[in-house]
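Understanding the architecture of this molecule
Letter by letter, the chains look like this.
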Amino acid sequence: MKKIKYIFIRLLGLIIPPAGNSKFRIQNSKFLAGLSALISPAGNSGFNIQNPKFIAGLSSLIPPTGSSPAGNSKFKIQNSKLILLSVLFFVSCNDLALIPESVLTEDTFPLTENDAIAAVNGVYIPNSDFSSNSSYLAELPADATQCGENVTSGSGASIGTFEHDPQNGNVASGWSTLFTGVTAANLAIDRVSRADIGDTVKARLVGEAKFLRALYYFYLVQLFGEVPLALNAEGDTDVTRAPIDDVYTQIVQDLTDASASGVLPESYGGGDKGRVTNGAAWALLAKVYLVWAQTSPAGNAAATADRLTKSVAAAGRVGGYELETEFLDNWNTGKRDGKESIFSAHHIVSQSSQGDGGNHLAHCSFATSFSQATPHLILSNTSFYDRFDERDQRKRGSYAKSLYNPDTNGYFEFRFPRFRKYIDTINILTTNLTRSIDRTILRYADVLLIKAEALNELNQGPTAEAYEAINQVRRRAFRHPLNAVSVDDIPAGLSYEAFRDTVRSERFLEFVYEQQRWFDLVRWRILVKTVKPVINQKVVLTLDEDGKPVLDADGNETFTISETKDKAAVSLKHYRFPIPQSQRNINPDGLWQNWGWDGADEAKTGANPYAGFE
């Protein structure tokens, strides 16, 4: 595609936002109506492009799943021309003129500063698209979450019972979404770096794109292990899986560039709130160094110590943030981008082509609304709810046992608690339909617990600074002043192992349903032993012959509690997800399968890369 079709520029003109607001917003009803002819919802995983003419147009840009471009048997990560088209088609910018197709080409974009902003805005989109995938990939294969859906295998339900395989649609969608983000970032970095715009805004935009590329690769390397390291704006056709340490080296380089002095601002105002800040770059770098130190295949003691040292240093550079007094304010739709929020995936109804905000974490936790019926995602059993002290505000901030129902003007008591964080109680009657709560990715509590953990690992025992970091998190939880000793502080004198276990416990209490648990269990190498013993509990409604709930004398639904050991199939291979078969069909040599999965070759994977893992 040498020229951007004039019709796309005309459509783009319909969605130009007010001057001074560079955020990505799709608000024009005519534009959305036009999109609806092309795009329709496809479950909880994304969009289904169904229009035949649109499909025909795309076919010249990308090969169908499971095939390869004519004359090229190698896997192409993403088609750069398609991504550029998507950026222009879906992302708005200020003052973009209607340029004849003979002038606007792939090589001349971006022409203005606003074009460059639009290109980088497009790099944020896969981050929001990944929100729904993350609920299945990072929640269900952990110990504390189960799938309540009665759905076929090959969906999220099979991930929760460890019956998924390389054909799983959610796994393939996660891979595709993240590599779409990588490719969009590559394009933006290349095009914006060469754009004739001011040096300050150029450096900022490239820094944002590098942060996002690092974030996408951080997800990918944790989910899949070795992954193709594609950094070419034109797309890479001859790719193979790069070593894990090489991927982390690139992630660190991108975040080092983004966190350099003067690249990213400390904060934004107005419509730019939510963009990548300098603090976000340091926070993610702190987390990356900690995870890399714990998961590098090399296992070099000196390198591990260096990474832990750098994790602590990076955490110390995160300034301008503090803990919210009210834990649930982190998910209050009226207080977006609050003082604890470092980086999140934004979800606004007007920005989603599905018209519902796009964050299915909200839908999945409250799909059945005020009913005892099991929603799509729910805690595995009530023992996880019972782990919390009754005085800990995170208990009611993480789980909903009782919620006010405006329809009945009273409180509804759930026999089985719901995940609370993504239930919008301001608009509770539509929260399962309007999913515009931001997905939390980095908040200040995470930085404090990263620092505490890294210090303990580095020194093989806790320091005063490590105690202070974890105690601030606990003081907020129990409503104490943050900087004064409290009765709920961690006791002094803990050994390395005792402090380590305390930090791990605190991370569970702090990050329920924030897509952190599976990643934590994997990096601590305790996935199998933690998950295998879990007994799932489910509410089973008593139904009449017409399939309607049977009510008791007080009008309440009647039910029984069933118990199953649905997580018993977990094994060492589940420390990684399988490489999607659809991708291996295109490039079987470069994308070898992970150990333990169908199609794996031990000549490439080793006999058991997880020896010693628990």
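About the criteria used
- Note on numbering: residues in each chain are counted from 1, in written sequence order.
- The predicted nature of this model means local features are confined to residues of pLDDT at least 70 and side-chain atom pairs, given and counted, to a pLDDT of 80 or more, with totals for whole chains, interfaces and linings taken over all residues.
- In computing side-chain properties, one takes all heavy atoms of the structure into account and sets aside hydrogens as well as water.
- Secondary structure elements are taken from DSSP: a helix is a run of H or I of four residues or more, a strand is a run of E of two residues or more, and numbering for both begins at the N terminus.
- The span expected for a helix works out to 1.5 Å for each residue beyond the first.
- Exposure classes here rest on a 1.4 Å probe applied to the protein chains alone. A residue is buried below 20% of its type maximum, exposed above 50%, and partly exposed in between.
- When checking whether two residues touch, look at their non-hydrogen atoms; a contact exists if any pair is within 4.5 Å.
- The term polar contact refers here to a pair of N or O atoms within 3.5 Å; inside protein, the definition further demands a hydrogen-donor-capable atom paired with an acceptor-capable atom, and it admits residues adjacent in sequence only when both atoms are side-chain atoms.
- Interaxial angles span 0 to 180 degrees and are taken between N-to-C directions of axes, which are lines fitted to C-alpha atoms, for helices over the stretch in contact.
- With respect to orientation, any angle under 35 degrees is reported as roughly parallel, any angle over 145 as roughly antiparallel, any angle of 65 to 115 as roughly perpendicular, and every other angle as oblique.
- Each helix crossing is assigned a hand: it is left-handed if the near helix lies turned anticlockwise from the far helix by less than a right angle, otherwise right-handed if that turn is clockwise.
- All amino acids are sorted into three groups, where Ala, Val, Leu, Ile, Met, Phe, Trp, Tyr, Cys and Pro are nonpolar, Asp, Glu, Lys and Arg are charged, and the leftover types, Gly among them, are polar.

Focus on helix 11 (residues 301–316)
- Along its 16 residues, helix 11 runs 23 Å from first to last C-alpha, staying within 8% of the 22 Å computed at 1.5 Å per residue.
- For helix 11, the set of buried residues is A303, R307, L308, S311, V312, A314 and A315.
- Tucked inside the fold, the buried residues of helix 11 contact helix 10 (278–295) and helix 15 (444–459).
- Two or three places before A302, at the start of helix 11, stands the capping residue N300, its side-chain oxygen 2.9 Å from that residue's backbone nitrogen.

Quick look at the side chain of K421
- Mapped onto the elements of the fold, K421 is located in the loop between strand 9 (410–419) and strand 10 (439–443).
- Of the residues examined, K421 reaches a relative accessible area of 0% and is grouped as buried.
- A polar atom in the side chain of K421 sits 3.1 Å from the backbone oxygen of E510.
- One polar contact links K421 to E514, side chain to side chain, over a distance of 2.6 Å.

Observations concerning the packing of helix 9 (residues 244–259) against helix 10
- Axis separation between helix 9 and helix 10 bottoms out at 9 Å; the angle between their running directions is 160 degrees. As judged from the angle between their axes, helix 9 and helix 10 are roughly antiparallel. The interaxial crossing formed by helix 9 with helix 10 has left-handed handedness. Facing D245, Y248, T249, I251, V252, L255, T256, A258 and S259 of helix 9, the residues of helix 10 in contact are N278, A281, W282, L284, L285, V288, Y289, V291, W292 and T295.
- Residues that form the contact of helix 9 with helix 10 fall into these classes: 13 nonpolar, five polar and one charged.

Any link to function would need more than the numbers given here.
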